[in-house]
Amino acid sequence: MSYHKPDEKTLQGLKDVANKLRINSIKATCASNSGHPTSCCSAAEIMSVLFFHTMRYKPKDPRNACNDRFVMSKGHAAPILYAAWAEAGFIKESDLLNLRKIDSDLEGHPTPKLAFVDVATGSLGQGLGAACGMAYTGKHFDKASYRVYCMMGDGECSEGAVWEAMAFASYYKLDNLVAILDVNRLAQSEPAPLQHDMEVYRKRCEAFGWNTYVVDGHDVEELCKAFWQAQQLKGKPTAIVAKTLKGKGLKGIEDQENWHGKPIPKDKVDALLSHLQSLIQSPNKTLIPELPAEDAKPADNSPICLPSPPAYNLGDKVSTRRAYGVALAKLGEGSQKVVAMDGDTKNSTFSELFKKAHPDRFVECFIAEQVLVSVAIGCATRDRTVPFASTFAAFFSRAYDQIRMGAISMSNINLSGSHCGVSIGEDGPSQMALEDLAMFRAIPTCTVFYPSDGVSTERALELAANTKGICFIRTSRPDTAVIYEPDEKFEVGHAKVVRQSDSDRVTVIGAGVTLHEALAAAQQLASEGVNIRVIDPFTIKPLDAGTIVDSARATGGRIITVEDHYKEGGLGEAVLSAVAGEPSIVVHRLAVSRVPQSGKPQELLDLFGISAKSIVAAVKVCGQCKP
């Protein structure tokens, strides 16, 4: 198929739309007296060609499963995205003047409160990773023809996450993905490091295995041709490196420093708008986007269930990390929507069990945790899949900004972190997650599961698959006994009282490995005539405050928390928050108190005072204290 140049009326129409987008971006940022009009102006022709010539979508149904996707990774250019959707007729042009106002969804950076936004952007460098997840989903899961376009700024190309995503897209030959680099030379506080060295951009993109075109980003014909060429190429993603000028079309501002994030001054705006208006030759001509092919199925939002109960018996020994892999493979049998990804730790997280059972729904993201989380977020958009991403819990700290943005994106993703705490043993502190509960408790949309045996792990995954927001499932390395019957019912926010009597002196709350230490301590204490109540919280967030308070009242107001985590932000602090309004309750916390070291798991539990021996000692002290 050969390229057919658009006719002159179409080309002029695209130029006119670009200037309309500039005008509306300026008006919106002037109305809010804040924003990034110059960053919008550099992207105007790119946006015009994408939205009114290249992309296929239904303007009145932005979230249609069949539509091409667009990610504005340079989220500060949000006003021109809003202007494009006003031009397409989805929002009212007059609404653009409500930019950044408290009662408007047209926020300073895009969020999925808007039907035409799939992922929140604004923390730079993340859009391409999410676009990779969308493109992978389109090619391999939906097997549909929709394409994914991601516009990036040149400044954000200093972020390592961009190049993780570039490597991912190339490795998986995502020929339905196009990244557009808006190389406008100027970053926020000074010029971007490469300025307009377009050949270096070309060589970098090509070195990462991308089909690459360098174009004049203000030439609509060049852009039309480059996007067409990208559609023809198979086997590679395409990068369109567009040389642009920041503030293009604004006399005295174009390509000048110190205009980032500043609205146009009132004494300049009328003249600049008049000039842009004078460039529009056919103000009433409407360009209609092409409709997409109807080849993506509607989202299936039916509940996801385990096809069979857990197959464990009481007393069986299994690590919760292995139980995670078993449960994940079973969930994949229960629903085609379940997909899994890992960061080259699948033989340790046991997500390899899912890969063996469902190889076409497993994505290896390699040692690139930022892209691991971003790809999961992209896969989850428009309810196309229910993703479970796993790695060592400690390594999610690398992707904390992606997780934070996932919450802003209202994303429904499930993250499983294995190898938590000192109980992993000899590998040492670099591998020990001791901050992860604090991290995930701070995420506003996050549900934090902390299962303690094989049965509760399976039920945690089943619940997570049906829970909105981000879910974190914390799993442990050591084998521990199964303590629940296969038919035990679990609910988010409901704890289990796993041991109790009418004469309990103290309530002990543990999770994962420390729950088993608490049960061992309870057995030893009982032999000495001292009874304690033991609680498995199951979810750390939300925490079952009612059960904890009731148990504390029944045990003289005494609580001991024991956790394989630092004191800051973990189980103990969650319990303290839950009982904050109860002056008659005292909480004694056992937790890891310093940076640990290598050693045998039991040695480390003893060393840091979170083993059964330490719990017994704490109960004997706490049992004498009066709240």
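Refer to the preceding data block for the structure.
Residues numbered from 1 in each chain as written. Predicted model: local features only at pLDDT ≥ 70, side-chain atom pairs only at ≥ 80, totals over all residues. Heavy atoms only, no water.

Colleague: I keep staring at helix α10 (residues 320-334) and nothing clicks. Help me out?
Modeller: At 3.6 residues per turn, the α-helix brings residues three or four places apart onto the same side. Here α10 is 15 residues long and its end C-alpha atoms lie 20 Å apart, about the 21 Å a rise of 1.5 Å per residue gives. Taken across its 15 residues, α10 has 11 buried, putting it largely inside the fold. The complete set of buried residues in α10 reads T320, R321, A323, Y324, G325, A327, L328, A329, K330, L331 and G332. (Helix = DSSP H or I, 4+ residues; strand = E, 2+ residues; numbered from the N terminus. Expected span 1.5 Å × (residues − 1). Buried < 20%, exposed > 50% of the residue type's maximum accessible area, 1.4 Å probe, protein only.)

Colleague: Hey, could you run me through the pattern of salt bridges in this one?
Modeller: Should the charged atoms of two oppositely charged side chains come close, the side chains can pair. For the coordinates displayed, the defined rule picks out 23 salt bridges. With a closest N to O distance of 3.3 Å, R477 and D427 form a salt bridge. With a gap of 50 residues between them, R477 in the loop between β12 (471-474) and β13 (480-481) and D427 in the loop between β10 (414-418) and α15 (436-441) connect regions that are remote in the sequence. Since its relative accessible area comes to 28%, R477 is described here as partly exposed. The partner of R474 in a salt bridge is D436, and the shortest N-O contact between them spans 2.7 Å. Of the two residues, R474 is situated in strand β12 and D436 in helix α15; the sequence distance between them amounts to 38 residues. Residues R474 and D436 agree in their burial class; the two are buried. Through salt bridges with shared partners, one network takes in K5, E8 and E221. (Salt bridge = Lys/Arg side-chain N within 4 Å of Asp/Glu carboxyl O.)

Colleague: Would you take a moment to explain helix α7 (residues 198-207) for this structure?
Modeller: Turning to α7, its buried residues are M198, Y201 and C205. Each buried residue of α7 sits inside an arc of 60° when the element is viewed along its axis, so together they form one side. Turned more than 90 degrees from where α7 packs its buried face, K203 and A207 sit exposed. Of the surrounding secondary structure, the elements contacted by the buried residues of α7 are α6 (160-171), β3 (177-183), β4 (211-216) and β5 (238-243). Immediately downstream of α7, the backbone of G209 shows phi near 90°, a positive value. (Arc of directions from axis to C-beta. Contact = heavy atoms within 4.5 Å.)

Colleague: It is not clear to me how the packing of aromatic side chains should be interpreted in this structure. Could you clarify?
Modeller: For any two aromatic rings, the description comes down to two numbers: the centre-to-centre distance and the angle of the planes. Enumeration according to the criterion identifies 24 aromatic pairs in this entry. Measuring from ring centre to ring centre gives 5.2 Å for Y136 and Y172, while their planes differ by 90°; the resulting arrangement is edge-to-face. Taken as a pair, Y136 in helix α5 (residues 127-141) and Y172 in the loop between α6 and β3 lie far apart in primary sequence, 36 residues in all. Comparing Y136 with Y172, the two get one shared label, buried. A centroid spacing of 5.9 Å and a plane angle of 80° characterise the contact between Y149 and F227, whose relative ring orientation is edge-to-face. (Phe/Tyr/Trp six-rings, centres within 6.5 Å; stacked < 30°, edge-to-face > 60°.)

Function cannot be inferred from these measures alone, as they are strictly geometric.
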